[in-house]
2 protein chains.
Amino acid sequence: MTDWFTEKQTPHLGLTLEVKRRLFDRTGPYQRVEVMETVEFGNLLVLDGCVMVTDRDEFVYHEMIAHPALALHPNPERVLIIGGGDGGSVREAVKHEAVKSVTLVEIDQLVIDACREFFPALTASFHHPKAQVLVADGFAHLDDHPQAYDVILVDSTDPVGPAEVLFSPAFFHKVRASLRPGGFAVFQSENPFLMGGIIRKMHQDLRPLFGQVALYLALIPTYPGGHWSFTLCADQVNPAQVLPRPLSFEDSLKYYNQGIHTAAFQLPGYLRRLLAP
Amino acid sequence: MTDWFTEKQTPHLGLTLEVKRRLFDRTGPYQRVEVMETVEFGNLLVLDGCVMVTDRDEFVYHEMIAHPALALHPNPERVLIIGGGDGGSVREAVKHEAVKSVTLVEIDQLVIDACREFFPALTASFHHPKAQVLVADGFAHLDDHPQAYDVILVDSTDPVGPAEVLFSPAFFHKVRASLRPGGFAVFQSENPFLMGGIIRKMHQDLRPLFGQVALYLALIPTYPGGHWSFTLCADQVNPAQVLPRPLSFEDSLKYYNQGIHTAAFQLPGYLRRLLAP
């Protein structure tokens, strides 16, 4: 008898992973948090039934949420990450020499606890001298920190449950207000093939707030549709047209590089049409 | 009770699709051929248990196997497709004005019959004046047609069963010998995240035969890992560095465009290292 975990990515589509051992399963005030050891992808973090992180392909998501904005911003000293309690985005952000501080605001202590135990290679970043970890509400944190950050990464779960508000126009306004002049914001923005409507709505809500709103893509095998989108917002710089700063540590990365940066902003015809204003 | 079809993409990973109706299930001399109507992706063609084509995302595979080579070749008059009995690759190839003939060589009549019945929008291309459909062995066809084609597309199934020989060095030699001078060959080359070893071996075997061997990627939700690779081979032109000819019909395509063409050849760090000679 083998044990399989299946994520219903839509009501009619699922990804199923063979599980060696169930390691953690607890439901806290915000969500159910599970960790399993899979045969193919190493340890797997599941929140409310959705795949969040696997040991084997987490590098794609974390490199791609962090490096495009940090390589475009001329001097990203202060970075805020909302969500991202697994620590992967902090790990990537602290690599940039220009970055002086990375503040992580994760609402759910249970996620942090589970990841500390089962994803130590990611949460090790919490002890980096540049990193500060707060268990708090992202909304309230933004209210208390106007014009405070050069780059804000919204490393949220899907727009159901605790992260639903992170897809609301009110939240986008607060992110905008917490950016310093010339700042960049990045939102994880779901799979464009299966959830195009969400992205279209996000972009409609973000365009009045930012001069430039650009979608980019990354290949993540365990996420719905096998690829994921991020939305990069800036005031003036068109992120799809500006060349990124070369990164001194590029050779140590597993996904991101200068070629990938530029390529990621190129969209297939169906997506260009979906996002046409 | 709902009905689900699951493809074991690896022994430990599966994609599962809800099925409305089972439409076709016959095993012929080469393979088992199934067609189902799914809830999320329309009609689905399954060969020996593997997802081949769905109505909803077939455009990605077919546009991306055909257009990069056809947009790079200065005058692709004669095109050969080996495999591809669903007709999607023929549909794309005949769109090019320079193309005068497209020969499809599919070994399995059963695939053609099933697709004629359940994928009429794809097999309609068989009646195009430029198209010729042969039910024959690709190996033998190549032997009989030395230096005959400007572009050869190897639109095969996975390297098990009838298509196993299409991943052999002997086959690569025959493809090379059937190209006219300056010709291009494209091989579907599996998912690089899950089946990197196959691609590495293919490239090692192809490099002695062609001056240029380049991998490119496309996002295909129903394929293992959610993305797929193709290998483009040429004598002199480095396909990753030459700009493609603009296509008059680009606006009618759903995936391919000039931006995507260039972006598709940009590889993540882990793939650059996998393919380093």
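Residues numbered from 1 in each chain as written. Chains lettered and ligands numbered in written order. Predicted model: local features only at pLDDT ≥ 70, side-chain atom pairs only at ≥ 80, totals over all residues.

**Let's talk about the interface of chain B and chain A**
Thought 1: Taken together, the contact pairs 28 residues of chain B with 28 residues of chain A.
Thought 2: Put simply, the parts of the chain that give the side of chain B that touches chain A at least two residues each are strand 1 (3–10), strand 2 (13–27), helix 8 (258–264) and helix 9 (269–275) of chain B.
Thought 3: By residue number, the principal contributor to the side of chain B that touches chain A is strand 2 of chain B, which donates 6 residues.
Thought 4: Grouping the constituent residues of the side of chain B that touches chain A by class yields 13 nonpolar, 12 polar and 3 charged.
Thought 5: In terms of strand pairing, strand 2 (residues 13–27) of chain A meets strand 2 of chain B through 5 bridges, oriented antiparallel. Each residue of the ladder has a partner; that of T16 of chain A, found in strand 2 of chain B, is G14 of chain B. (Contact = placed C-beta atoms within 7 Å. Helix = DSSP H or I, 4+ residues; strand = E, 2+ residues; numbered from the N terminus. Nonpolar A, V, L, I, M, F, W, Y, C, P; charged D, E, K, R; others polar. Pairing = 2+ DSSP bridges.)

**Quick notes on the nonpolar core**
Thought 1: Core analysis: the largest hydrophobic core is formed by 172 residues, its most contacted members being L45, I152 and V186 of chain A together with L45, I152 and V186 of chain B.
Thought 2: If near-sequence neighbours (up to four positions away) are discounted, V186 of chain B is found in contact with I65, A69, L153, V154, F230, T231 and L232 of chain B. (Core = buried A, V, L, I, M, F, W, Y, C linked by C-beta atoms within 7 Å. Buried ≥ 20, exposed ≤ 12 C-beta atoms within 10 Å, placed from the backbone.)

**Concerning the domain arrangement of chain A**
Residue and element names in this part refer to chain A.
Thought 1: In terms of domains, chain A is made up of domain 1 (3–54) and domain 2 (58–275).
Thought 2: Put simply, the middle of domain 1 and the middle of domain 2, counted by C-alpha atoms, are 23 Å apart.
Thought 3: Across the boundary between the two partners, domain 1 contributes 21 residues, which contact 19 residues of domain 2.
Thought 4: Residue assignment for the side of domain 1 that touches domain 2 shows that the elements contributing at least two residues are strand 1 (3–10), strand 2, strand 3 (32–38), strand 4 (42–47) and strand 5 (50–54).
Thought 5: Across the side of domain 1 that touches domain 2, the residue classes tally to 13 nonpolar, 6 polar and 2 charged. (Domains from an automatic or database assignment.)

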